[in-house]
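# Remarks on the overall topology
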Amino acid sequence: MNMSTALNNALGGLSAASRGAAVVSGNIANALTPSYARRSLELATSPISGNGVRVVGITRHHDPVLIANQRKTDADFAAAKTISQFHSNYENLIGSADDAASIAARLAQFESSLITAASLPDSAQRLDQAARAARDFSSALNSASDGLQHMRSNADRTIGKQVDTLNQTLKDIEKLNARIPAIRSSGGDIGALVDQRQILIDQINELVPVNVVARENDQVSLYAEGGLILFEGTSAQLSFTTTGDTMPHMTVANGLLSGLEVNGRPIRLSGDFAQIKGGALMAQFAVRDELAVEAQADLDAVARDLIERFETAGLDPTATAADPGLFTDDGNRFDATRETGLASRISINVVVDPDAGGDSWKLRAGLGALTPGAPGDASQLHAFGVILSDARPIPSASFGTGSMRAAEITEALLSKAGTNAHAADQRSIFAANAQLEMQKIVAEQGVDSDAELQRLMQIEQTYAANARVVTVVDELMDTLLRL
């Protein structure tokens, strides 16, 4: 080997060592950076001498299977967390079994107040207390229904924000997809851009679980679980119209709520052929269009049972068949065609509400009575109490079959809500643990700081050796020039 060859080899080695040190330093610096993949220097034999070294490029190491599994757990957790939060909030609205302000507790207080009033029917204070207890119960149903609609409206608004985020992120991926091949063809390092694209894909994946398909020239395509094309050369355009404040009767089917579209075409969101499956976006649709609707139906069933009980023929001899009972649908009798949203409209009959100009003595004398009647007659109060404890066919199959007392229906409401909240919380915990374990597995396959430090020491030794060769060649040249 002549001095010229030795010098060229040494200079190539110095250049490779310098690039290698930069790559290893980058690995160490980004060991905890999300979506960062370890880099390594790709070397080849120098074409000049045939035995030197040259830098071919930088290889980005990643395991597509591990990344896909991690994205699956991320999407599952995002969906489970959304569902769990809804059930938890709904349980807080109606109360738990040990909550003195729960719907079941309010009904028990009303039932108890009727018994107390019947024990001393001439007491205006006890009659007022019974009327107010009835009003508190109806107000508890109103508040729960209003809170439920607030959650539904929030879900609708959140869908709109998430769709905007999806559209913007898909556009950003389209820009990166176009830049990456251009930079690679010019000899640049595309690793940072690929990392950034992976971060964007991860963000989309939490909203809509995606399958990533590698294409030529470091391009990718994105498909939702269910087959919807999100990105294939160009990004899809999703559209959704935010409603704002939703009402119980509003649905996608009757056109009062917006569905989801892609490039102007409706997207199937339910059933076996749903085009999007899982993720936070579909969880919000589930809250708005399924869970909240079912919860509203349960509240309406409780309200219907109470109104119908006090509209029972013969319960109040002073009332006509057209008169509303103690509990009303915003002042009217129950109408089966308007059951949806009944819990938000239920109220006590104003004729007995002492705070609305009514007379609580009508609880004793009858709602249609014109005079207070005998102050010691508690028969009507007893009748009102008995109708609450009467086992009747329940208006909703969601609480089971058979006949139930009013208290049993409210207890079934709380039990169902508590069971659903517990089950959703367990699923959320399981999804969180699965996500954590997958993150650990991916981290184990990522940057190993100890191994990178060992490589850095080897690069330092390589650099020193090549620098020594350059020094020796320089000394030989000086010696030759002095001869």
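Use the structure listed above.
The present account deals with the structure reproduced in this document.

About the criteria used
- Residues numbered from 1 in each chain as written.
- Predicted model: local features only at pLDDT ≥ 70, side-chain atom pairs only at ≥ 80, totals over all residues.
- Heavy atoms only, no water.
- Axes fitted to C-alpha atoms, helices over the stretch in contact; angles between N-to-C directions.
- Helix = DSSP H or I, 4+ residues; strand = E, 2+ residues; numbered from the N terminus.
- Parallel < 35°, antiparallel > 145°, perpendicular 65-115°, else oblique.
- Left-handed = near helix turned anticlockwise from the far one by under 90°.
- Contact = heavy atoms within 4.5 Å.
- Nonpolar A, V, L, I, M, F, W, Y, C, P; charged D, E, K, R; others polar.
- Pairing = 2+ DSSP bridges.
- Core = buried A, V, L, I, M, F, W, Y, C linked by side-chain atoms within 4.5 Å.
- Buried < 20%, exposed > 50% of the residue type's maximum accessible area, 1.4 Å probe, protein only.
- Expected span 1.5 Å × (residues − 1).
- Phe/Tyr/Trp six-rings, centres within 6.5 Å; stacked < 30°, edge-to-face > 60°.

In this section: the packing of helix 3 (residues 103-119) against helix 9 (residues 379-389). Direction vectors running N to C along helix 3 and helix 9 enclose 150 degrees, while the axes themselves pass 9 Å from each other. Here helix 9 runs roughly antiparallel to helix 3, going by the angle between their axes. In the packing of helix 3 onto helix 9, the handedness of the crossing is left-handed. Contact residues: helix 3 offers Leu-107, Phe-110, Glu-111, Leu-114, Ala-117 and Ala-118, while helix 9 offers Leu-381, His-382, Phe-384, Gly-385, Leu-388 and Ser-389. Per-class residue counts for the contact of helix 3 with helix 9 are eight nonpolar, three polar and one charged.

With antiparallel pairing, the three strands of this open sheet are ordered in space as 7-8-9. Looking along the sheet, the strands with just one partner apiece sit at the ends: strand 7 (238-239) and strand 9 (265-266). The sheet contact formed by strand 8 (residues 261-262) and strand 9 spans two bridges and is antiparallel. Across the sheet, the residue bridging to Val-262 is Arg-265, located in strand 9.

So, on to the nonpolar core. Ile-103, Phe-110, Leu-299, Phe-310 and Phe-327 are the most contacted members of the largest nonpolar core, which has 66 residues in total. Of all the secondary structure elements, the ones that give two or more residues to this core are helix 2 (64-94), helix 3, helix 4 (124-185), helix 6 (279-309), helix 7 (342-345), strand 11 (346-348), helix 9 and helix 10 (406-444). The residues touching Leu-299, leaving out its near neighbours within four places in the chain, are Tyr-90, Ile-94, Ile-103, Leu-141, Ala-144, Ser-145, Leu-148, Ala-343 and Leu-413. If you look at the next biggest cluster of nonpolar residues, it comprises 34 residues, including Ile-159, Val-208, Leu-260 and Met-282.

With that settled, consider the sheet that holds strand 4 (residues 220-224). Read across the sheet, four strands follow the order 3-4-5-6 without closing on themselves; strand pairing throughout is antiparallel. One side of each edge strand has no neighbouring strand; the edge strands of this open sheet are strand 3 (210-214) and strand 6 (234-235). Judged from the two bridges that link them, strand 5 (residues 229-232) and strand 6 form a sheet pairing that is antiparallel. Across the sheet, Glu-232 pairs through a bridge with Thr-234, a residue of strand 6. Together, strand 4, strand 5 and strand 6 form the strand contacts of helix 4, whose direction differs from that of strand 5 by roughly 20 degrees.

The next subject is the environment of Thr-234. Here Thr-234 lies in strand 6. The spatial distance from the C-alpha of Thr-234 to the C-alpha of Leu-388 is 63 Å, given a sequence separation of 154 residues.

For strand 4, the tally of buried residues reaches four of five residues, placing the bulk of the element in the interior. The pairing of strand 3 with strand 4 spans five bridges and is classified as antiparallel. Bridge pairing links Ala-214 to Val-220 in strand 4. From the end of strand 3 to the start of strand 4, which pair antiparallel, there are five residues, and Asn-217 there has a positive phi angle of about 60 degrees. Taken together, the two bridges between strand 4 and strand 5 define a ladder with antiparallel strand orientation. Considered in strand 5, the bridge of Leu-222 is made with Phe-231.

So, about the packing of helix 4 against helix 5 (residues 191-207). Packing of helix 4 against helix 5 brings their axes to within 9 Å, and their N-to-C directions diverge by 155 degrees. Taken together, the axes of helix 4 and helix 5 are roughly antiparallel relative to one another. The handedness of the crossing between helix 4 and helix 5 is left-handed. Contacts between helix 4 and helix 5 involve Gln-162, Thr-165, Leu-166, Thr-169, Leu-170, Asp-172, Ile-173, Leu-176, Asn-177, Arg-179, Ile-180 and Ile-183 on the former and, on the latter, Leu-193, Val-194, Gln-196, Arg-197, Leu-200, Ile-201, Gln-203, Ile-204 and Leu-207. Residue composition of the contact of helix 4 with helix 5, by class: twelve nonpolar, six polar and three charged.

Moving on, we get to helix 1 (residues 3-29). Over its 27 residues, helix 1 runs 38 Å from end to end, which matches the ideal 39 Å to within 8%, given 1.5 Å per residue. Along helix 1, the residues classified as buried are Ala-6, Asn-9, Ala-10, Gly-12, Gly-13, Leu-14, Ala-16, Ala-17, Gly-20, Val-23, Val-24 and Asn-27.

So, about the packing of aromatic side chains. Considering all chains together, one arrives at seven aromatic pairs under this definition. Taking the centre distance of 5.9 Å and the plane angle of 90 degrees together, the rings of Phe-240 and Phe-285 count as edge-to-face. Of the two residues, Phe-240 sits in the loop between strand 7 and strand 8 while Phe-285 sits in helix 6, which places them 45 residues apart along the sequence. On the accessibility criterion, Phe-285 (4% relative accessible area) is buried.

Limitation: the analysis is restricted to geometry and does not speak to function.
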